[in-house]
Amino acid sequence: MKLIRFTDVDALRDEIFKNSLEQFILVQLDDKKVTFDSNFQQRMEEVAADSDASITYSWFREKDGDKISLHPVNDYQFGSVRDNFDFGSVVLLNAADVLAASESFSPDESTAPDGGWYALRLRMSIGKTIAALPEYLYTVEKIDFRKSGEKQHDYVDPRNSFYQAAMERVFTDFLTEIDGMVALNPVRINLSEGNFPVEASVIIPVRNRVSTIGDAVASALRQNPEFPFNVIVVDNGSTDGTRELLESINDDRLVLITVEDTDFLGIGGCWNKAILSEHCGRFAVQLDSDDLYPSPDVLSQVVEKFYEERAAMVVGSYLMTDFNLNPIPPGVIDHREWTALNGANNALRINGFGAPRAFYTPVVRSILFPNVSYGEDYAMALRVSREYAVGRIYEPIYYCRRWGGNSDADLSIEKENKNNEYKDFLRSVELIARIRANMEREDNAVQS
């Protein structure tokens, strides 16, 4: 079987017409040097035929000099709609499905900077099987040696803004086709209702961050709004002196909630502890235990945005820094891809919402975070944006420090896959919920 280097969908269609008797077409998605195992073609075609798969791909190995490392890839879920989903270097495509999926391509899909691959594989996933073989069937030369923490912000690097805008258009077309778009009239909230002990609470979950938690708390306590606020720190069984440091801080605005390992709480569970606490204010504002607010005006800006937008969630922008607060690439992360009209839809395509995140407490109490330590904030933001208005602040109001102690600084491929798998799961659930909501709206409209 001929291996075809993918360039664009039109060229791929031409290749299929040239080989009209072939059921499958083998396509390479990058320029890496590939060495196939002897049973590669037989296994790929066998699985593709038996499962009637539209796209078939497999695990692979990476070669770095004389060193060989294993590179498993994730199974494709309904919510695996991010444009950087890792299929590996080679995919086996059902030729008839390629032609059917690309027959009515829009101009945005046909002229996308990736040649239309993202649009094609989204279309090919509708109502079809996408099969991942958990077998290592080929080897490629490794070319990206960056650590996970260095790669995770590629999608918001300003240098990639044109590409991301194009992928958003493609994804919006896909959502429209499957009826997964959220309503254009998000709920605006009357934020003056209810009684709270303070107007805002800074929420800081922490575990074993004795070298950074003092700075984080100090930056929160330095806030100088015209309204009362407090700082709620949830110490999750720290054993390195973090708890003792927090207990030594003499400030009535600091509320320390302590939990132990036997409570089995992740970061999301710690957030729930703070949110459900009697001390929690009308608005709950994020601060990670190794990050900082750069000025005493952050809380004021966030709360002002809540009232301005009557929003259930406000998301700011941040500056990437090293441990000593020196700016590092890619610099300011402002998520300007978020728009009032399409942000809640595009949020399903990308891996984050920005920081700091802040929430209207009654809404979050009605939903609650999943009790996990990765993706808990993304889950909440997806759920809130499905229904409610979201306010954005595009100037940096947060220092996100990168250092060796970050939990995502240098992940193994297995851990990266696990994280991506969970976010794909969250997208799957959210996408189904949005489609169902649209179907119910349409049914109600017909009945009325």
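Every chain begins its residue count from 1, and numbering advances along the sequence as written. Per-residue local features of the predicted model are confined to residues with pLDDT of at least 70, and side-chain atom pairs are confined, for both listing and counting, to 80 or more; whole-chain, interface and lining totals are unaffected and use all residues. Excluded from the side-chain calculations are hydrogens and water; all other atoms, namely the structure's heavy atoms, are used.

A. The overall build of the protein, seen in detail. Only DSSP runs of H or I covering at least 4 residues are called helices, and only runs of E covering at least 2 are called strands; the numbering of each starts at the N terminus. In terms of regular secondary structure, the protein is built from 15 helices and 15 strands. C-alpha atoms define the radius of gyration, and 2.2 Å times the number of residues to the power 0.38 defines the globule rule. In terms of C-alpha radius of gyration, the protein reaches 24 Å, essentially the compact-globule figure of 22 Å for 448 residues. The C-alpha extent of the protein, read off along each of the three principal axes, is 75 × 65 × 40 Å. For every residue, the accessible area (1.4 Å probe, protein chains only) is compared with the maximum for its type, and the residue is labelled buried under 20%, exposed over 50%, or partly exposed between those bounds. Sorting the 448 residues of the protein into buried and exposed places 53% on the buried side. Note on contacts: a residue pair qualifies if any of its non-hydrogen atoms lie within 4.5 Å across the two residues. Taking contacts inside the protein between residues at least 6 apart in sequence as the whole, the part at least 24 apart equals 81%. By element, 49% of the accessible surface of the protein is carried by carbon and sulfur atoms, the whole surface being about 20200 Å². Of the side-chain charges in the protein, 46 are positive and 71 negative, and the distance between the mean point of each set is 1 Å. The accessible surface values rely on the Shrake-Rupley method and a 1.4 Å probe; as for residues, cover is taken only from the protein chains in view. Positive charges come from Lys and Arg, negative ones from Asp and Glu, while His and the chain ends are left out of the count. A single reference atom marks each charge: NZ on Lys, CZ on Arg, CG on Asp, CD on Glu.

B. Representation of the environment of E337. Here E337 shows up in the loop between β13 (327–333) and α12 (343–346). Sequence separation between E337 and E62 is 275 residues, and the spatial gap between their C-alpha atoms is 33 Å. Polar contacts here mean pairs of N or O atoms no more than 3.5 Å apart (in protein, one a potential hydrogen donor and the other a potential acceptor; neighbouring residues in sequence count only if both atoms are side-chain atoms). Of the polar contacts made by the side chain of E337, one reaches the side chain of H335; its length is 2.7 Å.

C. Looking closely at helix α5 (residues 117–125). Burial analysis of α5 places 9 of its 9 residues in the buried class, the great majority of the element. If you check which residues of α5 are buried, you get W117, Y118, A119, L120, R121, L122, R123, M124 and S125. Once α5 ends, the next one or two residues include G127, with phi positive near 70°.

D. Main features of the packing of aromatic side chains. A pair of aromatic rings is counted whenever rings of Phe, Tyr or Trp (Trp by its six-membered ring) have centres within 6.5 Å, and the orientation is called stacked for planes under 30 degrees apart, edge-to-face for over 60 and tilted otherwise. On inspection of all chains with the given rule, the structure shows 24 aromatic pairs. Ring geometry for W271 against F369: centres 5.1 Å apart, planes inclined by 40°, an arrangement best described as tilted. Of this pair, W271 sits in helix α10 (residues 267–276) while F369 sits in the loop between α13 (361–367) and α14 (376–387), placing them 98 residues apart in sequence. Given a relative accessible area of 6%, W271 falls into the buried group. A connected cluster of aromatic rings, assembled from ring pairs, spans F6, Y57, Y76, F85, F87 and W117. In this scheme, Lys NZ or Arg CZ marks a charge over a ring once it lies within 6 Å of the ring centre and within 35 degrees of the ring normal. Taking the ring centre of F323 as reference, the NZ or CZ of R401 above it sits at 4.6 Å.

E. Spotlight on the pairing of strand β9 (residues 229–236). The buried count for β9 comes to 8 of 8 residues, which makes it a mostly enclosed element. Both faces of β9 are covered, namely the face carrying F229, V231, V233 and D235 and the face carrying N230, I232, V234 and N236. Where strand β8 (residues 200–206) meets β9, 7 bridges bridge the pair, whose relative direction is parallel. Each bridged residue has a counterpart across the sheet, and for I204 the counterpart in β9 is V233. Looking down the strands as they point away from you, a crossover is right-handed if its path from the first strand over the helix to the second goes clockwise. What joins β8 to β9 is helix α8 (residues 213–221), and the crossover it makes is right-handed. At least two DSSP bridges between two strands are needed for those strands to be called paired. By the bridge criterion, 6 bridges tie β9 to strand β10 (residues 254–259) in an arrangement that is parallel. Note that in β10 the partner of V231 across the bridge is L254. On the question of chirality, the crossover connecting β9 to the parallel β10 by way of helix α9 (residues 242–247) is right-handed.

F. Spotlight on the pattern of salt bridges. One speaks of a salt bridge when a side-chain nitrogen belonging to Lys or Arg is within 4 Å of a carboxyl oxygen belonging to Asp or Glu. For the structure on display, the rule yields 25 salt bridges. Between R427 and D424 there is a salt bridge; the shortest N-O distance is 2.8 Å. Taken together, the positions of R427 and D424, both in helix α15 (residues 413–447) and 3 residues apart, correspond to about one turn of that helix. Accessibility assignment for this pair places R427 and D424 in one class, buried.

Any functional reading would require information beyond the geometric quantities listed.
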